[in-house]
Amino acid sequence: MKKIGLLGASGSIGSQTLDVIARDSNFKLSYFTVNSSISRAKEIIEEFKPDYCLITSNKRNELGSHYQNTKILGLEDLEGLIKNQEADIVLNAMMGMSGLASSWWVLETGGKLALANKESLVSAGGLLKALEKKHGGLILPVDSEHSAIWQCLEGNNSQGVEKLILTASGGAFRDISRGEMLTKKASDALKHPNWSMGLKITIDSATLMNKGLEVMEAYWLFGIEPERIDVIIHRESLIHSMVQYKDGSVLAQLGISDMRQPIHYALHEKNRRPLDLERLDFNQISSLNFQPLDHEKYPSLSYCYRALEEGGNRPLCLNTINEILVERYLKDQISLRDLFDGLEASFEEEFFEPKSLEDLLLEEERIRRNMK
Ligand code: NDP
Ligand code: MG
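Each value, and the rule that gives it
- Starting afresh in each chain, residues are numbered from 1 along the sequence in its written order.
- Labels follow written order: the first chain is A, the first ligand is 1, and so on.
- At least 70 in pLDDT is required for a residue's local features to be given in this predicted model, at least 80 for side-chain atom pairs to be given and counted, and no such filter applies to totals for whole chains, interfaces and linings, which use all residues.
- With hydrogens and water set aside, each side-chain value is computed from the structure's full complement of heavy atoms.
- By this definition, two strands are paired if DSSP reports at least two bridges between them.
- Helix numbers and strand numbers start at the N terminus; a helix is a DSSP run of H or I with at least 4 residues, a strand a run of E with at least 2.
- For helices, the fitted line uses only the C-alpha atoms of the stretch in contact; every axis is such a line through C-alpha atoms, and the angle between N-to-C directions lies from 0 to 180 degrees.
- Orientation categories follow fixed angle ranges, with anything under 35 degrees roughly parallel, anything over 145 roughly antiparallel, 65 to 115 roughly perpendicular, and all other angles oblique.
- Crossing handedness: left-handed means the near helix sits turned counterclockwise from the far one by under a right angle, and right-handed means the same turn made clockwise.
- Residue contacts are counted whenever heavy atoms from the two residues lie within 4.5 Å of one another.
- Any N, O or S atom lying within 2.8 Å of the metal counts as a donor, with the limit raised to 3.2 Å for Na, K and Ca; because water is left out of the atom set, some sites can appear incomplete.
- Accessibility here uses a 1.4 Å probe with only protein chains present; expressed as a share of the type maximum, an area under 20% marks a residue as buried, one over 50% as exposed, and anything in between as partly exposed.
- Here a salt bridge means any side-chain nitrogen of Lys or Arg lying within 4 Å of a carboxyl oxygen belonging to Asp or Glu.
- A clockwise path from the first strand over the helix to the second, with the strands pointing away from the viewer, defines a right-handed crossover.
- Under the pairing criterion, centres of Phe, Tyr and Trp rings, with the six-membered ring standing for Trp, must be within 6.5 Å; the plane angle then separates stacked pairs below 30 degrees from edge-to-face pairs above 60, leaving the rest tilted.

Caption draft 1: Highlighting the sheet that holds strand S2 (residues 27-34). Here we have 7 strands laid out as an open sheet, ordered S4-S3-S2-S1-S5-S6-S7, and parallel in their pairing. Looking at strand neighbours, the two that pair on one side only are strand S4 (71-74) and strand S7 (138-141), the edges of this open sheet. Direction aside, the axes of adjacent strands within the sheet are offset by 25° on average. Sheet analysis places strand S1 (residues 2-7) next to strand S5 (residues 89-92), joined by 4 bridges and oriented parallel.

Caption draft 2: Examining the packing of helix H11 (residues 209-222) against helix H14 (residues 314-330) more closely. The interhelical angle for the contact between H11 and H14, taken along N-to-C directions, is 155°, at an axis separation of 12 Å. Comparing their axes, H14 and H11 come out roughly antiparallel. In terms of crossing hand, the pair formed by H11 and H14 is left-handed. When H11 is examined against H14, the residues Met209, Leu213 and Met216 are found in contact with a partner set consisting of Pro315, Leu318, Asn319 and Asn322.

Caption draft 3: Molecular detail of the coordination of the magnesium ion (ligand 2). Looking at the magnesium ion (ligand 2), the protein donor atoms are Asp143 (OD), Glu145 (OE) and Glu214 (OE), and they sit 2.1 to 2.2 Å from it. Each donor residue of the magnesium ion (ligand 2) belongs to the same chain, with the gaps between them written as D-x1-E-x68-E. Placement of glutamate 145 in helix H7 (residues 144-153) and of glutamate 214 in helix H11 is noted, with a sequence separation of 69 residues between them. As far as the burial class goes, glutamate 145 and glutamate 214 line up, both buried.

Caption draft 4: Seen up close, the environment of tyrosine 298. Within the element layout of this structure, tyrosine 298 appears in the loop between helix H12 (260-267) and helix H13 (299-310). We classify tyrosine 298 as buried; its relative accessible area is 3%. Expressed as a C-alpha distance, the spacing of tyrosine 298 and glycine 212, which sit 86 residues apart in the sequence, is 9.9 Å. With residues near it in sequence (within four places) discarded, tyrosine 298 still touches Gly170, Phe173, Arg174, Met181, Ala206, Thr207 and Leu208.

Caption draft 5: Seen up close, the pattern of salt bridges. Scanning the entire structure with this criterion turns up 31 salt bridges. Close ionic contact of aspartate 77 with arginine 60 constitutes a salt bridge, the shortest N to O distance being 3.9 Å. A residue pair is termed long-range when its members are at least 10 positions apart, and aspartate 77 in the loop between S4 and helix H4 (78-83) and arginine 60 in helix H3 (residues 60-63) qualify at 17 residues. Under the relative-accessibility criterion, aspartate 77 is labelled partly exposed at 25%. Between glutamate 214 and lysine 118 there is a salt bridge, with the nearest N and O atoms lying 2.9 Å from each other. A residue pair is termed long-range when its members are at least 10 positions apart, and glutamate 214 in helix H11 and lysine 118 in helix H6 (residues 118-135) qualify at 96 residues. Neither residue differs from the other here; glutamate 214 and lysine 118 are each classed as buried.

Caption draft 6: How the structure looks around the pairing of S2. In terms of burial, S2 is a largely internal element, 7 of the 8 residues being buried. Where S1 and S2 come together, 6 bridges link them in parallel fashion. What sits directly across from lysine 3, in S2, is lysine 28. Crossover connection from S1 via helix H1 (residues 12-23) to parallel S2: handedness right-handed. As defined by bridge partners, S2 adjoins strand S3 (residues 52-55) across 4 bridges and the pair is classed as parallel. Residue pairing across strands places tyrosine 31 opposite tyrosine 52, the latter belonging to S3. The parallel pair S2 and S3, bridged by helix H2 (residues 38-48), forms a crossover whose chirality is right-handed.

Caption draft 7: Local environment of the environment of isoleucine 334. Here isoleucine 334 lies in the loop between H14 and helix H15 (336-345). Put simply, isoleucine 334 and lysine 185 are 149 residues apart on the chain and 9.1 Å apart in space, counted from C-alpha to C-alpha. Ignoring anything within four residues of it in the chain, the contact list for isoleucine 334 reads Leu325, Arg328, Tyr329 and Leu339.

Caption draft 8: Structural context of the packing of aromatic side chains. Within this structure, the stated rule accounts for 3 aromatic pairs. Between tryptophan 150 and tyrosine 265 the ring centres are 5.1 Å apart and the planes differ by 80°, which places this aromatic pair in the edge-to-face class. Note that tryptophan 150 is positioned in helix H7 and tyrosine 265 in helix H12, a separation of 115 residues in sequence. The interplanar angle of 55° and the centroid separation of 6.1 Å between the aromatic rings of tyrosine 303 and phenylalanine 347 together place this pair among those described as tilted.

Caption draft 9: Inspection of the side chain of serine 120 at higher detail. Looking at where serine 120 falls in the secondary structure, it is placed in helix H6. Excluding anything up to four places from it in sequence, serine 120 contacts Asn92, Gly99, Leu100, Ser103, Leu115, Gly125 and Leu128.

Distances and angles like these do not, on their own, reveal function.
Okay, here's the thing in C-alpha coordinates:
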(Lines give C-alpha, C1' and ligand atoms only; values in the text may rest on other atoms or scores of the structure.)
(Ligands and ions follow the chains in the order given, each with its own letter.)
Protein backbone atom coordinates (compact mmCIF):
# COMPACT_ATOMS: atom_id res chain seq x y z
CA MET A 1 0.00 0.00 0.00
CA LYS A 2 1.42 3.36 -1.05
CA LYS A 3 0.44 6.40 1.00
CA ILE A 4 -0.17 9.51 -1.07
CA GLY A 5 0.01 13.14 0.07
CA LEU A 6 -1.94 15.32 -2.37
CA LEU A 7 -1.34 19.07 -2.49
CA GLY A 8 -4.05 21.00 -4.33
CA ALA A 9 -6.65 18.22 -4.15
CA SER A 10 -9.59 20.41 -5.22
CA GLY A 11 -8.10 21.43 -8.58
CA SER A 12 -8.14 19.83 -11.99
CA ILE A 13 -5.05 17.65 -11.41
CA GLY A 14 -6.06 17.09 -7.79
CA SER A 15 -9.46 15.71 -8.80
CA GLN A 16 -7.95 13.44 -11.42
CA THR A 17 -5.40 12.20 -8.90
CA LEU A 18 -8.21 11.37 -6.47
CA ASP A 19 -9.88 9.40 -9.23
CA VAL A 20 -6.65 7.44 -9.85
CA ILE A 21 -6.36 6.74 -6.11
CA ALA A 22 -10.02 5.66 -5.88
CA ARG A 23 -9.59 3.18 -8.74
CA ASP A 24 -6.41 1.57 -7.41
CA SER A 25 -6.27 -0.48 -4.21
CA ASN A 26 -2.48 0.02 -4.12
CA PHE A 27 -3.00 3.64 -3.10
CA LYS A 28 -4.27 5.25 0.09
CA LEU A 29 -4.77 8.99 0.52
CA SER A 30 -2.73 9.92 3.58
CA TYR A 31 -3.33 13.67 3.49
CA PHE A 32 -4.50 16.43 1.19
CA THR A 33 -4.62 20.20 0.97
CA VAL A 34 -7.09 22.64 -0.53
CA ASN A 35 -6.86 26.41 -0.40
CA SER A 36 -10.42 27.63 -0.01
CA SER A 37 -12.65 24.91 -1.48
CA ILE A 38 -14.12 23.92 1.87
CA SER A 39 -17.14 21.98 0.62
CA ARG A 40 -14.87 19.97 -1.67
CA ALA A 41 -12.62 19.24 1.33
CA LYS A 42 -15.61 17.83 3.21
CA GLU A 43 -16.45 15.52 0.32
CA ILE A 44 -12.85 14.30 0.08
CA ILE A 45 -12.70 13.61 3.82
CA GLU A 46 -15.93 11.62 3.65
CA GLU A 47 -14.90 9.58 0.63
CA PHE A 48 -11.21 8.92 1.37
CA LYS A 49 -10.98 9.18 5.17
CA PRO A 50 -7.39 10.47 5.10
CA ASP A 51 -5.36 11.03 8.26
CA TYR A 52 -5.04 14.77 7.65
CA CYS A 53 -6.76 17.55 5.73
CA LEU A 54 -4.88 20.83 5.55
CA ILE A 55 -6.47 24.16 4.57
CA THR A 56 -3.89 26.61 3.20
CA SER A 57 -6.14 29.70 3.38
CA ASN A 58 -7.66 31.30 6.49
CA LYS A 59 -10.93 29.37 6.00
CA ARG A 60 -9.88 26.46 8.17
CA ASN A 61 -12.50 27.25 10.82
CA GLU A 62 -15.30 26.88 8.27
CA LEU A 63 -14.49 23.20 8.07
CA GLY A 64 -14.85 22.54 11.80
CA SER A 65 -12.92 19.77 13.55
CA HIS A 66 -15.58 17.13 14.16
CA TYR A 67 -14.11 14.45 11.91
CA GLN A 68 -13.51 11.03 13.38
CA ASN A 69 -10.53 9.82 11.35
CA THR A 70 -9.19 13.04 9.92
CA LYS A 71 -7.23 15.74 11.70
CA ILE A 72 -7.73 19.27 10.35
CA LEU A 73 -4.61 21.39 9.96
CA GLY A 74 -3.70 24.93 8.81
CA LEU A 75 -0.98 26.48 6.68
CA GLU A 76 1.40 26.73 9.65
CA ASP A 77 1.37 22.89 9.80
CA LEU A 78 2.27 22.30 6.15
CA GLU A 79 6.05 22.13 6.52
CA GLY A 80 5.78 19.73 9.48
CA LEU A 81 3.25 17.52 7.72
CA ILE A 82 5.45 17.18 4.64
CA LYS A 83 8.65 16.71 6.64
CA ASN A 84 7.14 14.04 8.91
CA GLN A 85 6.98 11.89 5.79
CA GLU A 86 3.50 10.59 6.46
CA ALA A 87 3.25 9.91 2.73
CA ASP A 88 5.39 7.68 0.48
CA ILE A 89 4.82 10.05 -2.45
CA VAL A 90 3.70 13.67 -2.44
CA LEU A 91 1.88 14.81 -5.55
CA ASN A 92 2.15 18.58 -5.84
CA ALA A 93 -0.76 20.01 -7.84
CA MET A 94 -0.98 23.39 -6.13
CA MET A 95 -1.53 26.45 -8.24
CA GLY A 96 1.56 28.34 -9.45
CA MET A 97 4.15 29.75 -7.05
CA SER A 98 2.14 28.62 -4.02
CA GLY A 99 3.61 25.16 -4.67
CA LEU A 100 7.26 26.15 -4.44
CA ALA A 101 7.89 25.74 -0.70
CA SER A 102 6.18 22.33 -0.64
CA SER A 103 8.35 20.98 -3.47
CA TRP A 104 11.35 22.26 -1.55
CA TRP A 105 10.33 20.56 1.72
CA VAL A 106 9.64 17.21 0.05
CA LEU A 107 13.07 17.15 -1.56
CA GLU A 108 14.79 18.51 1.53
CA THR A 109 13.64 15.42 3.41
CA GLY A 110 14.65 13.03 0.63
CA GLY A 111 11.05 12.33 -0.37
CA LYS A 112 9.45 11.35 -3.65
CA LEU A 113 7.82 14.28 -5.41
CA ALA A 114 5.31 13.63 -8.18
CA LEU A 115 5.41 17.05 -9.77
CA ALA A 116 2.53 18.67 -11.61
CA ASN A 117 3.39 22.10 -10.23
CA LYS A 118 5.87 23.05 -12.96
CA GLU A 119 6.20 26.57 -11.56
CA SER A 120 8.32 25.33 -8.65
CA LEU A 121 10.83 23.65 -10.95
CA VAL A 122 10.82 26.61 -13.32
CA SER A 123 11.58 29.08 -10.53
CA ALA A 124 14.07 27.04 -8.56
CA GLY A 125 15.23 24.27 -10.89
CA GLY A 126 18.94 24.29 -9.98
CA LEU A 127 18.30 24.43 -6.24
CA LEU A 128 15.59 21.74 -6.28
CA LYS A 129 17.76 19.39 -8.40
CA ALA A 130 20.63 19.93 -5.95
CA LEU A 131 18.33 19.04 -3.03
CA GLU A 132 17.10 15.95 -4.87
CA LYS A 133 20.67 14.78 -5.32
CA LYS A 134 21.91 15.70 -1.85
CA HIS A 135 19.07 14.05 0.08
CA GLY A 136 18.38 11.12 -2.22
CA GLY A 137 14.85 12.20 -3.15
CA LEU A 138 13.19 11.77 -6.51
CA ILE A 139 11.21 14.00 -8.84
CA LEU A 140 8.59 12.06 -10.80
CA PRO A 141 7.20 14.04 -13.78
CA VAL A 142 3.42 14.41 -14.02
CA ASP A 143 3.09 17.03 -16.76
CA SER A 144 1.97 15.06 -19.84
CA GLU A 145 4.84 16.17 -22.11
CA HIS A 146 7.46 15.31 -19.51
CA SER A 147 5.81 12.03 -18.69
CA ALA A 148 5.91 11.26 -22.42
CA ILE A 149 9.63 12.05 -22.62
CA TRP A 150 10.28 10.04 -19.46
CA GLN A 151 8.49 7.09 -21.08
CA CYS A 152 10.41 7.53 -24.37
CA LEU A 153 13.72 7.61 -22.49
CA GLU A 154 12.97 4.37 -20.67
CA GLY A 155 15.39 1.64 -21.65
CA ASN A 156 17.56 3.99 -23.72
CA ASN A 157 20.90 5.57 -23.01
CA SER A 158 20.40 9.27 -22.33
CA GLN A 159 23.81 9.91 -23.97
CA GLY A 160 22.14 8.88 -27.22
CA VAL A 161 19.56 11.68 -27.13
CA GLU A 162 19.85 14.25 -29.92
CA LYS A 163 16.86 16.38 -28.96
CA LEU A 164 13.55 16.53 -27.16
CA ILE A 165 10.47 17.56 -29.11
CA LEU A 166 7.66 19.00 -27.00
CA THR A 167 4.27 19.03 -28.65
CA ALA A 168 1.86 21.94 -28.10
CA SER A 169 -1.83 21.97 -28.94
CA GLY A 170 -1.49 25.68 -29.76
CA GLY A 171 -4.18 26.69 -27.26
CA ALA A 172 -7.32 28.69 -27.90
CA PHE A 173 -5.81 31.20 -30.36
CA ARG A 174 -3.97 28.82 -32.64
CA ASP A 175 -6.12 29.57 -35.71
CA ILE A 176 -6.17 33.36 -35.56
CA SER A 177 -3.58 36.03 -36.39
CA ARG A 178 -1.45 37.79 -33.78
CA GLY A 179 -3.43 41.02 -34.34
CA GLU A 180 -6.73 39.31 -33.69
CA MET A 181 -5.34 37.38 -30.74
CA LEU A 182 -4.30 40.62 -29.02
CA THR A 183 -7.95 41.78 -28.95
CA LYS A 184 -9.18 38.62 -27.23
CA LYS A 185 -10.43 38.45 -23.66
CA ALA A 186 -9.80 35.81 -21.02
CA SER A 187 -13.22 34.25 -21.69
CA ASP A 188 -11.99 33.47 -25.24
CA ALA A 189 -8.61 32.22 -24.01
CA LEU A 190 -10.35 29.80 -21.65
CA LYS A 191 -11.87 27.85 -24.55
CA HIS A 192 -9.07 25.30 -24.81
CA PRO A 193 -9.53 22.99 -27.78
CA ASN A 194 -8.23 19.74 -26.26
CA TRP A 195 -7.79 19.82 -22.48
CA SER A 196 -9.92 20.81 -19.50
CA MET A 197 -7.58 22.37 -16.91
CA GLY A 198 -7.32 25.02 -14.19
CA LEU A 199 -7.73 28.69 -15.16
CA LYS A 200 -4.08 29.77 -14.98
CA ILE A 201 -2.67 26.95 -17.08
CA THR A 202 -5.45 27.40 -19.67
CA ILE A 203 -4.46 31.06 -20.13
CA ASP A 204 -0.79 30.00 -20.22
CA SER A 205 -1.72 27.56 -22.99
CA ALA A 206 -3.34 30.31 -25.06
CA THR A 207 -0.22 32.52 -24.76
CA LEU A 208 2.12 29.51 -25.17
CA MET A 209 3.74 30.58 -21.90
CA ASN A 210 2.83 27.10 -20.69
CA LYS A 211 5.05 25.60 -23.37
CA GLY A 212 7.87 27.96 -22.42
CA LEU A 213 7.55 26.91 -18.80
CA GLU A 214 7.62 23.31 -20.01
CA VAL A 215 10.86 23.89 -21.92
CA MET A 216 12.40 25.05 -18.64
CA GLU A 217 10.86 22.11 -16.82
CA ALA A 218 12.28 19.69 -19.40
CA TYR A 219 15.73 21.22 -19.07
CA TRP A 220 15.76 20.64 -15.31
CA LEU A 221 14.14 17.22 -15.42
CA PHE A 222 16.25 15.69 -18.18
CA GLY A 223 19.41 17.82 -18.30
CA ILE A 224 19.11 18.53 -22.03
CA GLU A 225 20.36 21.99 -23.09
CA PRO A 226 17.65 24.45 -24.21
CA GLU A 227 18.96 24.52 -27.81
CA ARG A 228 18.21 20.79 -28.00
CA ILE A 229 14.60 21.22 -26.85
CA ASP A 230 12.20 21.95 -29.73
CA VAL A 231 8.53 22.82 -29.70
CA ILE A 232 6.09 21.88 -32.45
CA ILE A 233 2.37 22.57 -32.77
CA HIS A 234 0.44 19.31 -32.91
CA ARG A 235 -3.25 20.14 -32.86
CA GLU A 236 -4.64 16.72 -32.02
CA SER A 237 -2.67 16.39 -28.72
CA LEU A 238 -2.36 12.65 -29.29
CA ILE A 239 1.43 12.59 -29.37
CA HIS A 240 2.32 13.95 -25.95
CA SER A 241 6.00 14.54 -26.82
CA MET A 242 8.96 12.85 -28.51
CA VAL A 243 12.64 12.04 -28.14
CA GLN A 244 14.91 12.09 -31.18
CA TYR A 245 18.01 9.91 -30.84
CA LYS A 246 21.41 10.39 -32.45
CA ASP A 247 20.76 7.60 -34.95
CA GLY A 248 17.79 9.56 -36.33
CA SER A 249 15.18 7.38 -34.68
CA VAL A 250 12.31 9.25 -33.01
CA LEU A 251 10.28 7.75 -30.16
CA ALA A 252 6.85 9.23 -29.46
CA GLN A 253 4.38 8.55 -26.67
CA LEU A 254 0.72 8.59 -27.66
CA GLY A 255 -2.51 8.35 -25.74
CA ILE A 256 -5.86 10.01 -25.22
CA SER A 257 -5.77 13.52 -23.72
CA ASP A 258 -6.33 12.41 -20.16
CA MET A 259 -4.01 13.42 -17.31
CA ARG A 260 -4.90 10.32 -15.32
CA GLN A 261 -2.44 8.30 -17.42
CA PRO A 262 0.66 10.37 -16.52
CA ILE A 263 -0.56 10.71 -12.91
CA HIS A 264 -0.95 6.92 -12.66
CA TYR A 265 2.48 6.33 -14.24
CA ALA A 266 4.15 8.74 -11.79
CA LEU A 267 2.44 7.30 -8.71
CA HIS A 268 3.48 3.80 -9.81
CA GLU A 269 7.03 5.13 -10.33
CA LYS A 270 7.04 4.11 -13.98
CA ASN A 271 5.75 0.58 -13.45
CA ARG A 272 3.13 -0.36 -16.02
CA ARG A 273 -0.04 -1.22 -14.11
CA PRO A 274 -3.57 -1.65 -15.46
CA LEU A 275 -5.56 1.55 -15.90
CA ASP A 276 -9.07 1.31 -17.21
CA LEU A 277 -9.44 4.42 -19.37
CA GLU A 278 -10.61 4.93 -22.91
CA ARG A 279 -8.05 3.68 -25.46
CA LEU A 280 -6.77 5.41 -28.57
CA ASP A 281 -8.69 4.07 -31.54
CA PHE A 282 -6.44 4.32 -34.58
CA ASN A 283 -9.37 3.54 -36.86
CA GLN A 284 -10.81 6.90 -35.83
CA ILE A 285 -7.62 8.93 -36.37
CA SER A 286 -7.40 10.11 -39.94
CA SER A 287 -4.33 12.33 -39.57
CA LEU A 288 -1.73 13.72 -37.21
CA ASN A 289 -0.83 17.33 -38.01
CA PHE A 290 2.31 19.31 -37.24
CA GLN A 291 3.01 22.99 -37.71
CA PRO A 292 6.04 25.13 -36.88
CA LEU A 293 5.65 27.64 -34.11
CA ASP A 294 5.21 31.34 -34.90
CA HIS A 295 7.66 33.00 -32.50
CA GLU A 296 6.51 36.52 -33.37
CA LYS A 297 2.95 35.65 -32.49
CA TYR A 298 4.00 34.05 -29.20
CA PRO A 299 6.94 36.01 -27.70
CA SER A 300 6.49 34.28 -24.32
CA LEU A 301 8.29 31.22 -25.56
CA SER A 302 11.43 33.22 -26.47
CA TYR A 303 11.33 34.88 -23.04
CA CYS A 304 11.42 31.46 -21.40
CA TYR A 305 14.46 30.35 -23.43
CA ARG A 306 16.14 33.64 -22.56
CA ALA A 307 15.36 33.35 -18.85
CA LEU A 308 16.77 29.83 -18.82
CA GLU A 309 19.95 30.99 -20.55
CA GLU A 310 20.48 33.96 -18.21
CA GLY A 311 19.67 31.87 -15.11
CA GLY A 312 19.76 33.32 -11.57
CA ASN A 313 16.46 34.92 -10.55
CA ARG A 314 15.34 35.43 -14.18
CA PRO A 315 13.05 32.36 -14.41
CA LEU A 316 11.47 33.17 -11.05
CA CYS A 317 10.86 36.81 -12.06
CA LEU A 318 9.38 35.83 -15.41
CA ASN A 319 7.19 33.17 -13.84
CA THR A 320 5.98 35.34 -10.96
CA ILE A 321 5.22 38.30 -13.21
CA ASN A 322 3.35 35.97 -15.56
CA GLU A 323 1.28 34.68 -12.65
CA ILE A 324 0.35 38.21 -11.53
CA LEU A 325 -0.48 39.31 -15.08
CA VAL A 326 -2.54 36.20 -15.83
CA GLU A 327 -4.61 36.93 -12.73
CA ARG A 328 -5.23 40.47 -14.02
CA TYR A 329 -6.02 39.24 -17.52
CA LEU A 330 -8.52 36.80 -16.03
CA LYS A 331 -10.24 39.77 -14.37
CA ASP A 332 -10.24 41.72 -17.67
CA GLN A 333 -7.96 44.35 -16.12
CA ILE A 334 -5.25 44.10 -18.80
CA SER A 335 -4.95 43.07 -22.44
CA LEU A 336 -2.80 40.32 -23.90
CA ARG A 337 -0.47 42.98 -25.25
CA ASP A 338 0.04 44.29 -21.69
CA LEU A 339 0.75 40.73 -20.60
CA PHE A 340 3.42 40.16 -23.24
CA ASP A 341 4.97 43.59 -22.51
CA GLY A 342 5.05 42.79 -18.81
CA LEU A 343 6.84 39.50 -19.45
CA GLU A 344 9.51 41.30 -21.46
CA ALA A 345 9.94 43.86 -18.68
CA SER A 346 10.78 41.05 -16.25
CA PHE A 347 14.33 41.13 -17.65
CA GLU A 348 14.77 44.61 -16.18
CA GLU A 349 14.58 43.25 -12.62
CA GLU A 350 17.89 43.31 -10.79
CA PHE A 351 19.83 40.10 -11.42
CA PHE A 352 21.03 37.89 -8.57
CA GLU A 353 21.63 34.24 -7.81
CA PRO A 354 19.09 32.89 -5.26
CA LYS A 355 20.69 30.43 -2.85
CA SER A 356 17.91 29.38 -0.49
CA LEU A 357 14.16 28.98 -0.19
CA GLU A 358 14.11 32.22 1.74
CA ASP A 359 15.85 34.06 -1.14
CA LEU A 360 13.27 32.71 -3.56
CA LEU A 361 10.24 33.56 -1.44
CA LEU A 362 11.56 37.03 -0.62
CA GLU A 363 12.14 37.71 -4.30
CA GLU A 364 8.62 36.59 -5.14
CA GLU A 365 7.25 38.82 -2.39
CA ARG A 366 9.33 41.78 -3.62
CA ILE A 367 7.99 41.40 -7.16
CA ARG A 368 4.39 41.14 -5.95
CA ARG A 369 4.87 44.26 -3.80
CA ASN A 370 6.44 46.25 -6.65
CA MET A 371 3.65 45.34 -9.03
CA LYS A 372 0.83 46.42 -6.69
P1 NDP B 1 -6.37 24.34 -10.48
O2 NDP B 1 -6.49 25.82 -10.49
O3 NDP B 1 -7.47 23.54 -11.05
O4 NDP B 1 -6.13 23.84 -8.96
C5 NDP B 1 -5.18 24.44 -8.14
C6 NDP B 1 -5.16 23.82 -6.76
O7 NDP B 1 -4.27 24.59 -5.96
C8 NDP B 1 -6.51 23.83 -6.05
O9 NDP B 1 -6.59 22.72 -5.19
C10 NDP B 1 -6.46 25.11 -5.23
O11 NDP B 1 -7.28 25.09 -4.07
C12 NDP B 1 -5.00 25.15 -4.84
N13 NDP B 1 -4.53 26.51 -4.58
C14 NDP B 1 -4.91 27.65 -5.20
N15 NDP B 1 -4.29 28.71 -4.65
C16 NDP B 1 -3.49 28.23 -3.67
C17 NDP B 1 -2.62 28.83 -2.73
N18 NDP B 1 -2.42 30.14 -2.69
N19 NDP B 1 -1.96 28.03 -1.85
C20 NDP B 1 -2.14 26.68 -1.88
N21 NDP B 1 -2.96 26.06 -2.74
C22 NDP B 1 -3.64 26.82 -3.64
O23 NDP B 1 -5.00 24.01 -11.18
P24 NDP B 1 -4.58 22.71 -12.04
O25 NDP B 1 -4.99 21.49 -11.34
O26 NDP B 1 -4.97 22.91 -13.44
O27 NDP B 1 -2.99 22.86 -12.02
C28 NDP B 1 -2.23 22.58 -10.84
C29 NDP B 1 -0.75 22.52 -11.22
O30 NDP B 1 -0.57 21.45 -12.15
C31 NDP B 1 -0.25 23.78 -11.94
O32 NDP B 1 1.07 24.01 -11.58
C33 NDP B 1 -0.33 23.42 -13.42
O34 NDP B 1 0.61 24.10 -14.20
C35 NDP B 1 0.00 21.93 -13.36
N36 NDP B 1 -0.51 21.15 -14.48
C37 NDP B 1 -1.86 21.08 -14.72
C38 NDP B 1 -2.34 20.33 -15.77
C39 NDP B 1 -3.82 20.17 -15.99
O40 NDP B 1 -4.22 19.39 -16.87
N41 NDP B 1 -4.66 20.84 -15.26
C42 NDP B 1 -1.44 19.63 -16.69
C43 NDP B 1 -0.05 19.73 -16.33
C44 NDP B 1 0.39 20.47 -15.27
P45 NDP B 1 -8.77 25.77 -4.06
O46 NDP B 1 -9.61 24.93 -4.98
O47 NDP B 1 -9.20 25.65 -2.67
O48 NDP B 1 -8.58 27.17 -4.56
MG1 MG C 1 1.80 19.97 -20.16
